[in-house]
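So the chains spell out like this:
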Amino acid sequence: MEKPVEFSVLKRAEQIENLQTQKFDLAIIGGGVTGAGIALDAASRGLNVCLVEKNDFASGTSNKSTKLIHGGLRYLKQFEIGLVRESGSERAIVHKLAPHLVIPEKMLLPLVEGGTYGKMMTSIGLKVYDFLADVQGDDRRQMLDKDQTLEKEPLLNKDVVLGSGLYAEYRTDDARLTIEILKKAVSYGANVINYCEMKSFNYNDDSKIKSLNCKDGNTGDIFKIKARNYVSAAGPWVDTLRTKDQSMNNKYLHLTKGVHIVFPYEKLPVKQPLYFDVHDERMIFAIPRGRITYVGTTDTNYSGNLERVVATKEDAEYLLNAINSTFPQVNLNIDDIESNWAGLRPLIHEEDKDPSELSRKDELFISESGLISIAGGKLTGYRRMAQRVMEAVLKTMKNKHKEHLNKSSTEIIPLVSPPLENSHAVNVYQNELEATLLSKGISESYHAWYLCSTYGKKAEIIIEKSNQFDNKDALEKLIRAELWFCIHYEMTNSLTDFFVRRTGRLYFDIPSVKKYVKIISKDCANYLNWDAERLASEEKNLNLLIQDATTYYNTEFI
């Protein structure tokens, strides 16, 4: 097994020192999937790159999506042909780069009386969708009659279903995807750090940015970062940075909130992912994932606290009504919900448009100070967004700095090494993991699936490390080994980093968070030398996130 590139919080002091003493070709502000994609593109071309994130990587929008690398069928309805074409080609590329993490799924689109899509329009639309997205072979759309549809999904309302379309999508874990992209950028020499907030810009006599004032969230130290180019990929905070740069204009962000709710699979045992109508002519997803099924998303305007976005009772009731109308046998209520996530979409404002009508296209804002900001866009398009940013960066560079650079090659750089070649190799490897875990007394196949889909072949390192712990419970050994891996190779700096962004347990397996929090807290304190005050603060922060993931507030402005 190849040793992973060290990307450890234990090396943080050395990282901070490097950030202060080097002059970078490019400094990126924001550690979501967009910033990560830019860092990998730039570093793999040969640029000296740094990236700073004020919280944890993927802690904003990039951990709160529907977790699909999808072609954007809904955008076809809005005649955004270019977006559908780009999304279709990109999802196939990202699947090849990380087939364990970007997993093909067949999506069922039920046709119902009075629904958004009629049979003819669905057939034509999905055929156009396949053409634009260059879908091949068995992944091409199929039209199913009523009986075939109910065989695929018996929970659907038999009284209103007319038939369905079956088409190709890809499921992912958005935070894991972001982490893997960042790790790969680090392997190309990028200096990437979380909990490091860009506080202000410094300018030269020509009013061009000459450095950033940054604050280390662990120590409180303030230091400068110098670079030749500066990019803001701060998601919902893009306008905050543009305001600091005094470069706001008539183009600005329009934030909308999306909520997803999570059920134990037994409560909503759909046989496969669905994309279905709701009463207000929107459509939402129901997606089975391991031990749970999640449903979303809402799409409402947002003007509240960017640092704490929560689900309301109204959000939950909207989704519950949609579920119970579509699957009348399940009869779910708010007490059946296991957890939720609520996040923001940083879209470009357009006058007189409802949230669901706003374009998901990305856009660049280039200020006179030299700050390049990117906003809008979708998870699926992260790689192409990075290329567009790099085109803007390269235009500012002198020829002598560009001569040695490589062309963009992110379409062929595997995100995890050693790579799994394709879906078949993923299945074979998962079966191997299942046999290995069984030999250790772990019989549930879920755990092999979880390790494979989360870490790829790096799962072997975690299993091997688990042998060094003396717990009687094999699953305790495994999660302790996970933490060790995430601290040493994935820049885990807090309990919430581990339980939310590295493992997804807060959303997909919240019982395990409550079960293992004490042992993980103790290990974190030992690895990271936390004193009692820091440990208490960490546990408080995690408890607040558990509260937000399991509570439905009367108002979102808390």
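So, how was this worked out
- Residues numbered from 1 in each chain as written.
- Predicted model: local features only at pLDDT ≥ 70, side-chain atom pairs only at ≥ 80, totals over all residues.
- Heavy atoms only, no water.
- Salt bridge = Lys/Arg side-chain N within 4 Å of Asp/Glu carboxyl O.
- Helix = DSSP H or I, 4+ residues; strand = E, 2+ residues; numbered from the N terminus.
- Buried < 20%, exposed > 50% of the residue type's maximum accessible area, 1.4 Å probe, protein only.
- Axes fitted to C-alpha atoms, helices over the stretch in contact; angles between N-to-C directions.
- Parallel < 35°, antiparallel > 145°, perpendicular 65-115°, else oblique.
- Contact = heavy atoms within 4.5 Å.
- Nonpolar A, V, L, I, M, F, W, Y, C, P; charged D, E, K, R; others polar.
- Pairing = 2+ DSSP bridges.
- Phe/Tyr/Trp six-rings, centres within 6.5 Å; stacked < 30°, edge-to-face > 60°.
- Lys NZ or Arg CZ within 6 Å of the ring centre and 35° of its normal.
- Left-handed = near helix turned anticlockwise from the far one by under 90°.
- Expected span 1.5 Å × (residues − 1).

Caption draft 1: Focus on the pattern of salt bridges. Evaluation of the coordinates by the stated rule reveals 33 salt bridges. A salt bridge links Lys67 to Asp174, with the nearest nitrogen and oxygen atoms 2.7 Å apart. Of this pair, Lys67 sits in the loop between β3 (49-52) and α3 (73-77) while Asp174 is found in helix α7 (residues 174-187), placing the two residues 107 residues apart along the sequence. Each member of the pair, Lys67 as well as Asp174, carries the same accessibility label: buried. Taking the shortest distance from any N to any O, the salt bridge between Glu90 and Arg383 comes out at 2.9 Å. Linking Glu90 in helix α4 (residues 81-97) with Arg383 in helix α10 (residues 382-396), this pair joins segments that are 293 residues apart in sequence. Owing to a relative accessible area of 1%, Glu90 belongs among the buried residues under this scheme.

Caption draft 2: Representation of the packing of helix α13 (residues 445-455) against helix α15 (residues 474-489). Remark: α13 packs on α15, axes separated minimally by 13 Å, with the N-to-C direction vectors making an angle of 5 degrees. Judged by the inter-axis angle, α13 sits roughly parallel to α15. Packed against α13, whose contacting residues are His447, Tyr450, Leu451 and Tyr455, the element α15 presents Leu475, Leu478, Glu482, Phe485 and Cys486 at the interface. Of the residues contributing to the contact of α13 with α15, the split by class is seven nonpolar, one polar and one charged.

Caption draft 3: Examining the environment of Asp147 more closely. Within the secondary structure, Asp147 sits in helix α6 (residues 146-152). Residues Asp147 and Leu83, spaced 64 residues apart in sequence, show a C-alpha to C-alpha distance of 34 Å.

Caption draft 4: Here's a closer look at the sheet that holds strand β2 (residues 26-29). As summarised here, the arrangement of the six strands in space is β7-β3-β2-β11-β19-β18, forming an open sheet in which the pairing is mixed. At either margin of the open sheet sits one strand with a lone partner, and together these are β7 (191-193) and β18 (362-366). Ignoring strand direction, the axes of neighbouring strands in this sheet form an average angle of 15 degrees. With three bridges joining them, β3 and β7 adopt parallel strand pairing. Paired with Cys50 across the two strands is Asn191, which belongs to β7. Along the sheet, helix α1 (residues 12-21) contacts β3 and β7; its crossing angle with β7, the most-contacted strand, is approximately 120 degrees.

Caption draft 5: Layout of the pairing of strand β10 (residues 222-227). Taking every second residue as pointing to the same face, the buried face of β10 carries Phe223, Ile225 and Ala227, while none of Ile222, Lys224 and Lys226 on the other face is buried. Across two bridges, strand β1 (residues 23-24) lies against β10 in parallel orientation. Following the sheet pairing, Phe24 is matched in β10 by Ala227. Where strand β9 (residues 209-216) and β10 come together, four bridges link them in antiparallel fashion. Residue pairing in the sheet places Asn213 in a bridge with Lys224 of β10. Between the antiparallel neighbours β9 and β10 lie five residues, among them Gly220 with a positive phi of about 85 degrees.

Caption draft 6: Up close: the packing of aromatic side chains. With the rule as written, the count across this model stands at 16 aromatic pairs. Measuring from centroid to centroid gives 5.8 Å for Trp341 and Phe508, while their planes differ by 80 degrees, and the two rings are edge-to-face. Of the two residues, Trp341 is situated in strand β17 (residues 339-348) and Phe508 in helix α17 (residues 505-508); the sequence distance between them amounts to 167 residues. Judged by centre distance (6.3 Å) and plane angle (20 degrees), the ring pair of Tyr446 and Tyr450 falls under stacked. Taken together, the positions of Tyr446 and Tyr450, both in helix α13 and four residues apart, correspond to about one turn of that helix. Take Tyr446 and Tyr450: they sit in the same class, and that class is buried. A connected cluster of aromatic rings, assembled from ring pairs, spans Tyr294, Trp341, Tyr507 and Phe508. The ring of Trp341 carries the charged tip of Lys67 above its face, separated from the ring centre by 4.8 Å. In this arrangement the basic side chain of Arg242 is found over the ring face of Phe365, its NZ or CZ atom lying 4.0 Å from the centre.

Caption draft 7: The packing of helix α14 (residues 459-466) against α15, seen in detail. Direction vectors running N to C along α14 and α15 enclose 120 degrees, while the axes themselves pass 8 Å from each other. Looking at the two axes, α14 sits oblique to α15. The hand of the α14/α15 crossing is right-handed. Note on element contacts: α15 touches α14 through Lys477, Leu478, Ala481, Glu482, Trp484 and Phe485, opposite Ile461, Ile462, Ile463, Lys465 and Ser466. Within the contact of α14 with α15, the residues separate by chemical class into seven nonpolar, one polar and three charged.

Caption draft 8: α10, seen in detail. Between its first and last C-alpha, α10 extends 22 Å over 15 residues, near the 21 Å set by a 1.5 Å rise per residue. When we look at burial in α10, the residues that qualify are Tyr382, Arg383, Met385, Ala386, Gln387, Val389, Met390, Ala392, Val393 and Leu394.

Caption draft 9: Representation of unusual backbone geometry in the model. The linkage connecting Gly296 with the following residue, Thr297, adopts the cis geometry, with an omega of 15 degrees. Here Thr297 is to be found in the loop between β15 (292-296) and β16 (300-301). Phi is positive for Asn331, which is not a glycine, with a value near 50 degrees. With relative accessibility at 60%, the residue Asn331 sits in the exposed group. Positioned with a positive phi, Asn529 is a non-glycine residue whose angle comes to about 55 degrees.

Caption draft 10: Highlighting the pairing of β15. Among the five residues in β15, five count as buried, and that is most of the element. Burial along β15 is two-sided: Ile292, Tyr294 and Gly296 facing one way and Thr293 and Val295 facing the other are all buried. Here strand β12 (residues 253-264) pairs with β15 via five bridges, running antiparallel. By the bridge assignment for β15, Phe263 is matched with Thr293. Adjacent in sequence and paired antiparallel, strand β14 (residues 283-289) and β15 are bridged by two residues, among which Gly290 carries a positive phi angle near 65 degrees.

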